[in-house]
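# Structural features, examined
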Amino acid sequence: MTRHIPFVRLALATAAPATLALAAACSGPDPTAAPGTPGSAAPGAAPAASGDLAALMKARGLSEDDVTAALKTYTPTGKKDEYFVFASGGHGGNVIVIGVPSMRILKYIGVFTPEPWQGYGFDDPTRALLRSGDRAVGELNWADMHHPALSETGGEYDGQYLFVNDKANPRVAVINLKDFTTTQIVTTELIQSEHGATFVTPNTDYIIESSQYPTPLGGAYADFTKFNDSYRGAVILWKFDREKGKIDKAQSFAIELPPYMQDLADAGKKVSDGWLFINSINTERCWGGNLEGNPPLESCASQNDMDYLHVINWKKAAEIAAAGKTTTISDMRVIGLQTAIDEQLLTFVPEPKSPHGVDVTPDGTGVVVGGKLDTHTTVYDIPKILQLIAAKTYTGKDPYGVPILDFKAAIKGQCEIGLGPLHTVFDDKGFAYTSVFIESVVAKWSLADLKVVDKVSTHYNIGHLVSAEGDTVSPDGKYLIAMNKWALDRFAGVGPLLPQNFQLVDLDAAKPRVIYDMPLPLGEPHNAQMIKADKLKPIEVYKPVGTNPLTHEKDAFAVEGGKERIERNGTDVHVYMTAIRSHFTPDIVRAKEGDTIHLHLTSLEQAHDATHGLAIGSHDINISLEPGEHSNVTFKVPKAGVYPLYCTEFCSALHLEMAGYLLVEPKG
Ligand code: CUK
Ligand code: CUA
């Protein structure tokens, strides 16, 4: 332990005054102080306290590195984090908001899945919102979320909106960061699964969503005998109307793609603004059928040495769509594959062995693609690619007539990374960081000479990684989070299903290293976004009183204090109710068996965090009512009885008394 002592002294030099004041106030004279010098702080006390810290380190088995990590992440009460992370909740279908460097969870945002704690999916507006994400087959109450994307202005995160995707049931949702609330879900039957979503163009004109598993477009049936002719992929460009904070489906369009498995996507920036890049797998066009005499999908789809990076001119495609050169399939305007070829909207560049990850460099001149079965990342040279396209210098065509560029002519080079490179993020010093799945490391490498300079072990099976402001034109460096699929021996055992493990990596240290392990016991998060916290300006209460969070406008049914009432119209009972500490008015609702209750509920509160809830027993009703919020809830009362209702947030000393009854009289 002796080697720790100098460090401990150093730490105490800054911490001493408060420690000593506390010791004096609470413990009386320091028994270890030299006789005759009570209260003469520094000389006598420092070694004693330093001894305490050394003893604590020894007792807990902590190294000097551990203590440094603690000092870099520990965030005392009342201090706020420097960054927000928005992590996808994976197949939990929600978003998790985390503070960095403390790694404290700050919020779950309900998106595709009901979230009772915030009443999401339990009142009329949010029920309707969830139902707006249903697809032709029926009701959907979960999602497989992979890639959140923050809105950008000029290639920088602007802190206004977050977009998320659903791989399983192709959908895109919009979250308003004014109040961290989902406001829209869009979907189209054009495609039946997706993966290259969501990624935004540098001014958030469009949100990119590209399909993964090829199917007949529009939801039709076709057997595999017709695979090559009838199955297709597509990329959708959802038009975002920033004024309204909504996706405008009518202004959105798609481009038909060959039936490969399009994988991830990214938008060009700066010199490559106007272009988008999608990698692909399974250019072999296999569809499985291991009990039907076919080779297994995974080996059949891994035969080719090269798949195709799709290079798409989305700006020109938007003009083509605006000119009406589209066919409507399902409810989406689609630029056909032949039109995309004729108009030079789509070009292929070979990419090595089962690629994954496609990440545009901050300066917009490069795209980095990982190869799951390769040991390299390939860095494409976008200006060169654009020259080759302009000069139509093609080396061939795919079976659908899509022109292909020469691999060697289109790349800057390759970096020997390790086994199973996946995703790449960037810092402010010209370094790239690639997750290496099989090796379970983050590889730090130089964009200038494509050489690995460092590797950080992660635990285990890292998928995505996220760096501070990492997808922007000006990343911050500083922090990186490795998003690991397996946690294995990192935490106490909790049965066969373990949490994911987010590991915070300090990029400021001379040698980057893990400084915090955060278990995340929800769906597999895949990707996240990290934004400077001061870019967000969330509201504290809904104003005016009676605001509907989905519209940020006063609800037509908002209730004023003093105007509470119950109105009956046949079997419809309209209840105009308010909530304020510590009562609902009215607190008794009388109805008859078989009635429909229309509850219009306004919180009159205007104090930050003065939240009420309203639970009505046996009727699946749980509303969270933020200060100033208005909510409408419609429900049937099919069975006579006496049903208590009460507030579900401990809002005041008399919270338990914030209760009432729903009385349902028998018929007749
Ligand atoms: S994918 Cu999950 S680790 Cu959906 Cu971005 Cu690579
Ligand atoms: Cu309102 Cu408890």
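Let us look at the structure shown here. (Residues numbered from 1 in each chain as written. Chains lettered and ligands numbered in written order. Predicted model: local features only at pLDDT ≥ 70, side-chain atom pairs only at ≥ 80, totals over all residues. Heavy atoms only, no water.)

Turning to the site of ligand 1, a few remarks are in order. As a matter of local geometry, ligand 1 sits amid His 146, His 147, His 195, Leu 264, His 356, His 423, Gly 463, His 464, Lys 485 and His 526. Of the residues that constitute the shell around ligand 1, the class distribution is one nonpolar, eight polar and one charged. (Near = heavy atom within 4 Å. Nonpolar A, V, L, I, M, F, W, Y, C, P; charged D, E, K, R; others polar.)

Moving on, we come to the state of the cysteines. Per the counting criterion, the structure on display carries one disulfide. Note that Cys 286 is cross-linked by a disulfide to Cys 300, the S-S spacing being 1.9 Å. Taking the torsion about the S-S bond as the criterion, the Cys 286 to Cys 300 disulfide, at about -70°, is left-handed. Residue Cys 286 is found in the loop between strand 14 (275-281) and helix 6 (297-300), and its partner Cys 300 is found in helix 6; the two are separated by 14 residues along the sequence. (Disulfide = S-S within 2.5 Å. Helix = DSSP H or I, 4+ residues; strand = E, 2+ residues; numbered from the N terminus.)

Another aspect to go through is the sheet that holds strand 39 (residues 588-592). The strand order across the open sheet built from five strands is 39-45-44-41-42, with neighbouring strands paired in mixed fashion. Since the sheet does not close on itself, it has two edges, and those belong to strand 39 and strand 42 (621-625), each with one partner. On average, adjacent strands in this sheet sit at an angle of 15° to one another, irrespective of strand direction. Both strand 41 (residues 612-616) and strand 44 (residues 641-646) contribute to a ladder of two bridges, which runs antiparallel. Following the sheet pairing, Ala 615 is matched in strand 44 by Tyr 646. (Pairing = 2+ DSSP bridges. Axes fitted to C-alpha atoms, helices over the stretch in contact; angles between N-to-C directions.)

Let us look at the pattern of salt bridges. Considering all chains together, one arrives at 26 salt bridges under this definition. Note that Glu 256 and Arg 232 form a salt bridge whose closest N and O atoms lie 2.9 Å from each other. With Glu 256 in strand 12 (residues 246-257) and Arg 232 in strand 11 (residues 231-241), the pair connects residues that are 24 residues apart, well separated along the chain. With relative accessibility at 17%, the residue Glu 256 sits in the buried group. (Salt bridge = Lys/Arg side-chain N within 4 Å of Asp/Glu carboxyl O. Buried < 20%, exposed > 50% of the residue type's maximum accessible area, 1.4 Å probe, protein only.)

In the structure shown here, the tally under the stated rule is 17 aromatic pairs. For the pair Tyr 260 and Phe 348, a centre-to-centre distance of 6.1 Å together with 55° between the ring planes defines the contact as tilted. Of this pair, Tyr 260 sits in the loop between strand 12 and strand 13 (261-267) while Phe 348 sits in strand 18 (residues 346-352), and the two are 88 residues apart along the sequence. Here the two residues Tyr 260 and Phe 348 agree in accessibility, since each one is buried. Taken together through their ring pairs, the aromatic side chains of Phe 224, Phe 227, Tyr 231 and Trp 287 make up a single cluster. Above the plane of the ring of Phe 431 lies Lys 444, whose end atom (NZ or CZ) is 4.4 Å from the centre. Geometry around Tyr 576 places Arg 565 over its ring, the cationic atom sitting 3.8 Å from the centre. (Phe/Tyr/Trp six-rings, centres within 6.5 Å; stacked < 30°, edge-to-face > 60°. Lys NZ or Arg CZ within 6 Å of the ring centre and 35° of its normal.)

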